[in-house]
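Chain by chain, the residues:
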Amino acid sequence: GSFCGFSLNDFAQVFLSTVTDPVTCELTLVIALIPILAFCMTETGMIKDFLEGLKGFVSSRSVLVVVPAMLGMLPMPGGALFSAPYIDGEAKKMRMDSDLKSFVNVWFRHCMFLVYPITPTLILASRLSGADLFHLILIQIPIFIIYLSTGYVFSILSIKSNNKGVKDAGFHRIIPLFISVSPLLLVILLIALGVPLALALIVGIGSVFGLKRVSYGKVLPLVWHGFNWRLVFAVFGMMLFSHMIQASGAINALVSYIGHAETYPLLFLILFSCFAGVATAQPSVALAIVLPMALQMLGQLTPVAVSMLYLTTYFSYLVSPMHLCLILTVEYYKARLQGVYRRLIPLSFFVCLTGLILAYGLLTRF
């Protein structure tokens, strides 16, 4: 704003437009509620109940996939450190080395980011671009399947396990397992039925209190401790930055200095989102920069185009050396970053490129 010659009045107008923007209000509320739901499920023991119950239904090798993926549905900074201890016991039984354990934890923890309806980054992409959330998810389901299959083949499949099947998958274990994950399923169902996301999350949080019979005196402390004010301010800051980019006209000035950006705008945006994902190691921040730029350059964003930018940002963030989950996992398992990268970079490049090709096929066809 300062470089574009904004006055104090201009700054005030941009700030006011951000505060009064319905998208900002909704997004800030949603991002505030998601960590509260995650915290309440963790503190009341629902996540522990789920993980314990899961062991009776899946093999040891499947635990390595399912546990990080399920815990990945509880978004939190550096959350891979939360899932690392849970899979460590099974990994040691199968004599996995530290590099492989690190790859498995990072790779499968982030798989749900592609299709999970209450992923903050996916919600942000939908709101900033105007693309329908479930339309985005529908486009990315094939990529999700390729992601899981590729990771499984090149990591889990080669592991020798003494546990060939489930231990005890009796009906008496299904109900407790279902109850332990029911708040998340309830939120997803309500969203699919068209209930506003914020309201669905409030109902989900309420269901945790009801199912675990939390006393009234403990409700407010749980909500208070689950509230992540840093995350809320970060989201507001991203929206303010997005509004500032649009108001300043900086994108038009930038494009005028870039050779073929106008000729190949989507290619330029894909390359730029790749740079933004690696540089920021925060996909939400990267998308807050890229999507307003894309709107300026393309005029209108189709769900397929949004998906292409989302995939590029996501996979570049996944391999970023500043990616907090990656750093914490490598440190926890005392692994070598270069050893983890031997699998992580080639597989990320392959899945991302495959996703872009599939999406481009949809874009040109429809």
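Data block above holds the structure.
Conventions and cut-offs
Residues numbered from 1 in each chain as written. Predicted model: local features only at pLDDT ≥ 70, side-chain atom pairs only at ≥ 80, totals over all residues. Heavy atoms only, no water. Helix = DSSP H or I, 4+ residues; strand = E, 2+ residues; numbered from the N terminus. Contact = heavy atoms within 4.5 Å. Areas by Shrake-Rupley, 256 points an atom, 1.4 Å probe, with all protein chains shown as cover. Axes fitted to C-alpha atoms, helices over the stretch in contact; angles between N-to-C directions. Parallel < 35°, antiparallel > 145°, perpendicular 65-115°, else oblique. Nonpolar A, V, L, I, M, F, W, Y, C, P; charged D, E, K, R; others polar. Salt bridge = Lys/Arg side-chain N within 4 Å of Asp/Glu carboxyl O. Buried < 20%, exposed > 50% of the residue type's maximum accessible area, 1.4 Å probe, protein only. Phe/Tyr/Trp six-rings, centres within 6.5 Å; stacked < 30°, edge-to-face > 60°. Disulfide = S-S within 2.5 Å. Core = buried A, V, L, I, M, F, W, Y, C linked by side-chain atoms within 4.5 Å. Polar contact = N/O pair within 3.5 Å; in protein donor to acceptor, adjacent residues only side chain to side chain.

Novice: With reference to specific residues and values, describe the overall build of the protein chain.
Specialist: Looking only at helices and strands, one finds 18 helices and zero strands in the protein chain. By sequence separation, contacts in the protein chain at least 24 residues apart represent 80% of the contacts at least 6 residues apart. Per element, the accessible surface of the protein chain, about 17,300 Å² overall, is 68% carbon and sulfur.

Novice: For the packing of helix α16 (residues 303-319) against helix α18 (residues 337-365), give the residues involved together with the corresponding values.
Specialist: Taken N-terminus to C-terminus, the directions of α16 and α18 make an angle of 175°; their axes are 9 Å apart at the nearest point. If you check the angle between α16 and α18, you find them roughly antiparallel. Of the residues in α18, those in contact with V304, A305, M308, L311, T312, F315, L318 and V319 of α16 are Y341, L344, I345, S348, V351, C352, G355, L356, A359, Y360, L362 and L363. Residues belonging to the contact of α16 with α18 are distributed by class as follows: 17 nonpolar, three polar and no charged.

Novice: Provide a residue-level description of the pattern of salt bridges, including the pertinent values.
Specialist: This model, assessed by the stated rule, comprises three salt bridges. With its nearest N and O atoms 3.2 Å apart, the salt bridge here joins D49 to K212. One end of the pair, D49, is in helix α3 (residues 46-54); the other, K212, is in the loop between α10 (197-211) and α11 (216-226), and 163 residues separate them in sequence. Given a relative accessible area of 31%, K212 falls into the partly exposed group. A salt bridge links R336 to D99; the nearest nitrogen and oxygen atoms lie 2.5 Å apart. Of this pair, R336 sits in the loop between α17 (324-333) and α18 while D99 sits in helix α6 (residues 98-109), placing them 237 residues apart in sequence.

Novice: Which residues make up the packing of aromatic side chains, and what values do they have?
Specialist: According to the stated counting rule, one finds 13 aromatic pairs in the structure shown. Where F15 meets F236, the ring centres are 5.7 Å apart and the plane angle is 75°; that geometry is what we call edge-to-face. Highlighted residues: F15 in helix α1 (residues 8-20) and F236 in helix α12 (residues 229-248), separated in sequence by 221 residues. Accessibility expressed as a relative area gives 42% for F15, which makes it partly exposed. Linked through ring pairs, F103, W107, F113, Y147, Y310, Y314 and F315 together constitute an aromatic cluster.

Novice: Before we move on, could you go through the state of the cysteines and cite the residues and values that matter?
Specialist: Per the stated rule, a full pass over the model turns up zero disulfides. Take C352: it sits in no disulfide, and the sulfur closest to it among the cysteines is that of C274, at 7.3 Å.

Novice: Which residues make up the nonpolar core, and what values do they have?
Specialist: L37, L64, V104, W107, I118, Y147 and L201 are the most contacted members of the largest nonpolar core, which totals 112 residues. Not counting chain neighbours up to four residues away, the residues in contact with L64 comprise I87, E90, A91, M94, M96, V104, F108, I156 and I159.

Novice: A description of the side chain of H110 should follow, citing residues and the corresponding values.
Specialist: Looking at where H110 falls in the secondary structure, it is placed in the loop between α6 and α7 (120-129). The buried category is assigned to H110, whose relative accessible area is 1%. Side-chain polar atoms of H110 contact the side chain of Y317, separated by 3.4 Å. Side chain to side chain, H110 and H323 meet in a polar contact 3.3 Å long. Those residues in contact with H110 that lie beyond four places of it in its chain are Y147, Y314, Y317, L318, H323 and C325.

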